[in-house]
Amino acid sequence: MILIFDFGSQYTQLIARKIRQLQVKSEIVPYNHPISGISVGELDGIILSGGPASTYTKNAPRLNVKLLKQGAPVLGICYGMQSLTRKLGGDVRRGVVGEYGHAELRLQRRDRLFQGVRSGTRVWMSHGDRVVKIPRAFEVLASSEDCPFAAVRHRRDPIWGVQFHPEVHHTADGQRLLENFVFRICKAKADWKMGRFVEETIERLARKTGHRDVICGVSGGVDSTVLAVLLHKAIGPQLNAVYVDHGLMRKDESEVVVQRFRDLLGIKVRHVRAARHFLGKLKGISHPEQKRRIIGREFVNIFFREFKADELLAQGTLYPDVIESVSMKGPSAVIKTHHNRVKEIQKLIRQGRVVEPLKELFKDEVRDVGKELGISAPLLWRHPFPGPGLAVRILGEITPRRLKLLRAADSIYLEELKRSGDYAKIWQAFCVLLPVKSVGVMGDERTYDHVVALRAVTSVDGMTADWYEMPRDVLARISNRIINEIRGINRVTYDVSSKPPATIEWE
């Protein structure tokens, strides 16, 4: 297997996912995982992840140099490369200019790591610090305009370092580079399949739950749907599926969700209507983190009324949800609060009462699990929808009037995307109601009405994303319909920000 040492990068699990795509077993451990805990006989290679820290700060995670003496090839990525550099005699400093986003890689030497990778390929950079001097035993393999040491290797030992992130989707030849490391350098075997994951997960769920009932919150999204089907196959009637309707869903969505579970999946769902309660708690609240915390807390309060004292709790949490809210293995930075990680649930996690079989997977992998389970395509390819719902797509205070406007605009947007065929090409698309009004002219009269922003991105896993180049005629049709059909909106904008530096959702 390939062992990944996590220094806290938001992208660490992406490395594991990319390796799993190669059908090779991979495992993530903290950066300070004891050497004694490594089974050398099973070890094909070591990857050192990136991380948010600076190697020269006092409490920065440090590389255990004994890792380099385990006989396995080593690849350091971003912070991992900087750690290698510091430990082996090089120097790392704060850059004059940070390097974020795409860069052009210029290959300088031929190497197994770059077999089949062309010079000039686009790579994804995300670092403020940089290597300014490589160790004496190293040589440069590649550079970029702002990074003279974009890729290096030890002249004698099987140690490589890259300053960019080959694991993210937007590094054009990143999968080829990882494939070269895993197969050409580490000589690993391709013997890991998603079907095995499904079988092992069902067996593990049945074993962990025993004869206890399991309550599962469902939303109609891919994650909770796949989770519910896994649980249904593992424990059958012990599953209690609950849908808490917080009143922040899209147009007519709540009724559709309950019906689909019943008619298409054969799973009975309890529908808890709580819209008035949530809107009351959110009255006057405009700060995004406050919204998330309130919704998370109130969801738990209402959901826990359905939760019996001896039940286990199952959640469809994915890796991006976890890594942006609570560090999984290494010292990663918290990006935003997630509703699956409020304090009551954290307490249950410590008690061993939470079941999260998908927490180390990404959205595309969950869809693969869904295919293995026989879930139909319309359910699997529904665009991601945030747990707090439209609350994080209404910037500012949430009111019934603003919800009505956003629902109407979002309905038109998605309807036109499906009609044009663009919906299937997009990872996620939605409207955002902005906290500003603008002047317009409609019917020769002055208007002063709301503004909506359209967001559409392409992605594979949600960790990185590019804005979707929407056909001009489709954009024009969407804008015209929203402005003409919805009284109260007089301006439509289109978001052309990538992730990073932006996130997919606005809040």
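Here, the structure is the one placed above.
Conventions and cut-offs
- Residues numbered from 1 in each chain as written.
- Predicted model: local features only at pLDDT ≥ 70, side-chain atom pairs only at ≥ 80, totals over all residues.
- Heavy atoms only, no water.
- Helix = DSSP H or I, 4+ residues; strand = E, 2+ residues; numbered from the N terminus.
- Rg over C-alpha atoms; globule rule 2.2 N^0.38 Å.
- Buried < 20%, exposed > 50% of the residue type's maximum accessible area, 1.4 Å probe, protein only.
- Contact = heavy atoms within 4.5 Å.
- Areas by Shrake-Rupley, 256 points an atom, 1.4 Å probe, with all protein chains shown as cover.
- Core = buried A, V, L, I, M, F, W, Y, C linked by side-chain atoms within 4.5 Å.
- Axes fitted to C-alpha atoms, helices over the stretch in contact; angles between N-to-C directions.
- Left-handed = near helix turned anticlockwise from the far one by under 90°.
- Nonpolar A, V, L, I, M, F, W, Y, C, P; charged D, E, K, R; others polar.

Some remarks on the overall build of the protein
Within the protein one finds 14 helices and 19 strands. Expected size for 507 residues packed as a compact globule is a radius of gyration near 23 Å; at 24 Å, the protein falls within 12% of this value. The principal-axis extent of the C-alpha atoms belonging to the protein is close to 70 × 65 × 40 Å. Each of the 507 residues in the protein was classed as buried or not, and the buried ones make up 58%. Counting only contacts in the protein whose residues sit at least 6 apart along the sequence, the fraction spanning at least 24 positions is 75%. Only carbon and sulfur atoms are counted for the fraction: they give 48% of the accessible area of the protein, which is about 22,200 Å².

Looking at unusual backbone geometry
Trans is the prevailing form of peptide bonds, just as negative phi is the prevailing case for residues other than glycine. A cis geometry characterises the amide bond from Lys 499 onward to Pro 500, with omega recorded as -15°. Within the secondary structure, Pro 500 sits in the segment after strand 19 (489–494). Residue Pro 500 is joined to Pro 501 through a cis peptide bond whose omega torsion reads 10°. Mapped onto the elements of the fold, Pro 501 is located in the segment after strand 19. Of note, the phi angle at Gln 23 is positive, near 65°, even though the residue is not glycine. Here Gln 23 lies in the loop between helix 1 (12–21) and strand 2 (26–30). Despite not being glycine, Lys 187 has its phi angle at roughly 60°, a positive value. If you trace the backbone, Lys 187 turns up in the loop between helix 3 (174–185) and helix 4 (194–209).

Focus on the nonpolar core
With 90 residues, the main nonpolar core has Val 226, Tyr 413, Leu 417 and Ile 482 as its most contacted residues. Counting residues per element, this core draws most heavily on helix 5 (residues 222–235), which supplies nine residues. Apart from residues no more than four positions distant in its own chain, Ile 482 is found in contact with Ala 409, Ile 412, Cys 431, Val 452, Leu 454, Ile 489 and Val 492. The next biggest cluster of nonpolar side chains, apart from the first, holds 34 residues, and it includes Ile 2, Val 24, Leu 113 and Cys 186.

Observations regarding the environment of Ile 185
Positionally, Ile 185 belongs in helix 3. In this structure the C-alpha to C-alpha distance between Ile 185 and Leu 113, which are 72 residues apart in sequence, comes to 7.5 Å. What Ile 185 contacts, discounting residues up to four positions off in sequence, is Pro 73, Arg 112, Leu 113, Trp 160 and Asn 180.

Some details on the packing of helix 4 against helix 5
Their axes nearest at 9 Å, the elements helix 4 and helix 5 cross at an angle of 65°. The element helix 4 and its partner helix 5 pack so that their crossing is right-handed. Between helix 4 and helix 5, the contacting residues are Val 198, Thr 201, Ile 202, Leu 205, Ala 206 and Thr 209 on the first element and Leu 230, Leu 231, Lys 233, Ala 234 and Ile 235 on the second. Split into classes, the residues belonging to the contact of helix 4 with helix 5 amount to eight nonpolar, two polar and one charged.

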